[in-house]
Amino acid sequence: MALQLLLLHLAFLRLSSQGPLVQGRGFRSPTVAWPSFFDFNWPQEVQETIQIPNNGSAPLLVDVQVFVSNVFNVDILRYTVSSTLLLRLSWLDTRLAWNTSVHPQHAVTLPWDSLWTPGLTIQEALWVDWQDQSPRARVDPNGHVDLYLVLTTETNCDFELLHFPRDQSDCNLSFYALSNTVLELEFRAHAVNEIVSVKREYVVRDLKTQIPPQQLVPCFQVTLRLQNTALKAIIALLVPGEALLLADMCGGLLPLRATERIAYKVTLLLGYLVFHSSLVQALPSSSSCNPLLIYYFTVLLLLLFTSTMETVLLAALLARGNRRAQSSPGPAPRGEDPGPRPEEAPGVKGSGRSWAEAADRIFFLAYVVGVACSQFSFIGFWIWATCKSDPAPGEAIPHGGRPRL
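Residues numbered from 1 in each chain as written. Predicted model: local features only at pLDDT ≥ 70, side-chain atom pairs only at ≥ 80, totals over all residues. Heavy atoms only, no water.

Draft legend 1. Fine view of the nonpolar core. If you look at the biggest cluster of nonpolar residues, it comprises 72 residues, and the most contacted ones within it are Val62, Phe159, Phe164, Phe175, Phe220, Leu226 and Phe297. Residue contributions to this core peak at 8 residues, all from helix 5 (residues 292-327). For Phe175, the residues in contact, after removing those within four places along its chain, are Leu85, Leu87, Leu120, Thr121, Ile122, Pro218, Cys219, Phe220 and Val222. Counting 5 residues, the second largest nonpolar core, distinct from the first, contains Leu314, Ala315, Leu318 and Ala356. (Core = buried A, V, L, I, M, F, W, Y, C linked by side-chain atoms within 4.5 Å. Buried < 20%, exposed > 50% of the residue type's maximum accessible area, 1.4 Å probe, protein only. Helix = DSSP H or I, 4+ residues; strand = E, 2+ residues; numbered from the N terminus. Contact = heavy atoms within 4.5 Å.)

Draft legend 2. Representation of the state of the cysteines. Counted under the stated rule, the structure contains 2 disulfides. Each sulfur of the disulfide joining Cys157 and Cys171 lies 1.9 Å from the other. Taking the sign of the S-S torsion, -75° for the link of Cys157 and Cys171, the bridge is left-handed. Here Cys157 is found in the loop between strand 7 (144-156) and strand 8 (168-176), whereas its partner Cys171 is found in strand 8, with 14 residues between them in sequence. We classify Cys157 as buried; its relative accessible area is 2%. (Disulfide = S-S within 2.5 Å.)

Draft legend 3. Seen up close, the side chain of Thr223. For Thr223, the location among the structural elements is in strand 11 (residues 219-228). A distance of 2.9 Å separates the side chain of Thr223 from the side chain of Asn172, its partner in a polar contact. The residues contacting Thr223, other than those within four sequence positions of it, are Asp170, Cys171, Asn172, Asp206, Leu207, Lys208 and Gln210. (Polar contact = N/O pair within 3.5 Å; in protein donor to acceptor, adjacent residues only side chain to side chain.)

Draft legend 4. Up close: the pattern of salt bridges. For the structure shown, the criterion picks out 9 salt bridges. The salt bridge involving Glu154 is made with Arg78; its shortest N-O contact spans 3.1 Å. Of this pair, Glu154 sits in strand 7 while Arg78 sits in the loop between strand 1 (60-75) and strand 2 (80-92), and the two are 76 residues apart along the sequence. The class for Arg78 is partly exposed, based on a relative accessible area of 45%. Glu310 is the salt-bridge partner of Arg261, the closest N and O atoms lying 3.8 Å from each other. Highlighted residues: Arg261 in helix 4 (residues 259-282) and Glu310 in helix 5, separated in sequence by 49 residues. The exposure class assigned to Glu310 is buried, which follows from its relative accessible area of 9%. (Salt bridge = Lys/Arg side-chain N within 4 Å of Asp/Glu carboxyl O.)

Draft legend 5. Main features of the packing of helix 3 (residues 231-251) against helix 5. At a minimum axis distance of 11 Å, the contact between helix 3 and helix 5 shows a crossing angle of 20°. If you check the angle between helix 3 and helix 5, you find them roughly parallel. For the pair helix 3 and helix 5, the crossing hand works out as left-handed. Residue-level inspection shows Leu237, Leu238, Gly241, Glu242, Leu244, Leu245 and Asp248 of helix 3 in contact with helix 5, the latter providing Leu293, Tyr296, Phe297, Leu300, Leu303, Leu304 and Ser307. (Axes fitted to C-alpha atoms, helices over the stretch in contact; angles between N-to-C directions. Parallel < 35°, antiparallel > 145°, perpendicular 65-115°, else oblique. Left-handed = near helix turned anticlockwise from the far one by under 90°.)

Draft legend 6. Local environment of the packing of aromatic side chains. Tallied over the entire structure, the rule returns 11 aromatic pairs. Seen in terms of ring centroids, Phe159 and Tyr202 are 6.2 Å apart; in terms of plane orientation they differ by 45°. Their pairing is tilted. Of this pair, Phe159 sits in the loop between strand 7 and strand 8 while Tyr202 sits in strand 10 (residues 202-210); the two residues are 43 residues apart in sequence, bridging distant segments of the chain. Residues Phe159 and Tyr202 agree in their burial class; the two are buried. Following the ring pairs from residue to residue traces out a cluster consisting of Tyr272, Phe275, Tyr296, Phe297, Phe378 and Trp382. Residue placement shows Lys265 over the ring face of Tyr367; its charged tip is 5.9 Å from the ring centre. (Phe/Tyr/Trp six-rings, centres within 6.5 Å; stacked < 30°, edge-to-face > 60°. Lys NZ or Arg CZ within 6 Å of the ring centre and 35° of its normal.)

Draft legend 7. Main features of the pairing of strand 11. Of all 10 residues that make up strand 11, 9 are buried, and the element is covered over most of its length. Sheet topology note: the strand 8/strand 11 ladder contains 9 bridges and is antiparallel. Across the sheet, residue Cys171 finds its bridge partner in strand 11, namely Leu224. As defined by bridge partners, strand 10 adjoins strand 11 across 8 bridges and the pair is classed as antiparallel. Looking at the pairing, Thr209 lines up with Val222 of strand 11. (Pairing = 2+ DSSP bridges.)

Draft legend 8. Spatial organisation of a nonpolar patch on the surface. A cluster of nonpolar side chains, Ile262, Val266, Leu270, Leu273, Phe305, Met309, Val312 and Leu313, forms an exposed patch at the surface whose accessible area comes to about 630 Å². If you list the elements that add at least two residues to the nonpolar patch, you get helix 4 and helix 5. Looking at the secondary structure, you find Val312 in helix 5. Using a relative accessible area of 31% as the deciding quantity, one classes Val312 as partly exposed. (Patch = residues over 30% accessible without salt bridge, like charges linked within 9 Å, V, L, I, M, F, W, Y side chains within 5 Å. Areas by Shrake-Rupley, 256 points an atom, 1.4 Å probe, with all protein chains shown as cover.)

Draft legend 9. Focus on the environment of Leu301. Here Leu301 is to be found in helix 5. According to the relative accessible area criterion, Leu301 is buried, its value standing at 18%. Along the chain, Leu301 and His276 lie 25 residues apart, while their C-alpha atoms are 8.0 Å from each other. Look past the residues within four positions of Leu301 in its chain and what remains in contact with it is Leu269, Tyr272, Leu273 and His276.

Draft legend 10. Expanded view of the confidence of the model for the protein. On average, residues of the protein carry a pLDDT of 81, and 79% of them reach 70 or more. Taken together, the stretch residues 1-44 has pLDDT below 50 and engages in 78 contacts with residues farther than four places along the chain or on a different chain. The low-confidence segment residues 340-349, where pLDDT is below 50, has 14 contacts with residues more than four positions distant or belonging to other chains. (pLDDT = per-residue confidence, 0-100.)

Structure representation (structure tokens):
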């Protein structure tokens, strides 16, 4: 009975001493299976091997190679990026070395939870899915350990969307080993771009790694530079907006007395309102540095509204002047034909009609000039405008920000 309790106690210590390798969904702990030629006293030696290897006064150096194989979803509305990565972790654990003259094996594979492995956490991750639920590490006779991990993750990204749809943003994936300190562990990271498909709206233009300075825990950071190809947004957003604006200017060539002009202008305005409502849902919003297109399409809406209101007001004044002239005709001498009214005579215009139509022509010329100036102004803003995003809440307050030494 005492022996059974001792074995249960040792098994409990074995399971509780090793945490999960990474934070993710469905990561199971495989059964421990050491090779038979490792002449260890299992209950004692296995407990020692799951501790971080001792590298003297220097921290243990873990070489990390990050292979980015796919970036398959970029959602600017949710500010998220989905990607597939392959991590190759390499380090030296002399406790796992063996004498090849006695045991001639060139390499062995061990379950990940039967030896020490760095526990990695992605700071920006919303979720992580590990394709291999039971990864195995490869150990050579000198004690060099190689561990391969394949993961699919969705992470937050602070997109810079001021120049959307010609935007370019840097998305970071920060890997932290929270169970160790910088005095125990150090990362040396490299990145390799293995993306072979470019049929995406966003393409990866650059890939780099860095070690953030002055961190309390070991970490390395992978930066993806994403660039928008902009073709879809130009066809779906800019072309319809410019077409409506051109159609509105052409509507100003219709005579003011034509009843079809008001219907034409109102139809364009209602159609643009529907387009603008769907546009607001398609464009992302931000606490700072919103896309310039939001302001551009708002200016277009104001231009169409002003043009429609001008047509309605001048047409109403013209109709009121006509009714007033018809209701109060001048007295004609008895026995004489009064002849046609001034506004009804062919080739002769009444004073009210002349004033309204002259004002309409002046407004049309001013409207064309205003539209042209708005287009050139937007091009200038697009080229030279810059925007500095507001600091994050954790960095804006005195005691916020990431933990640093």
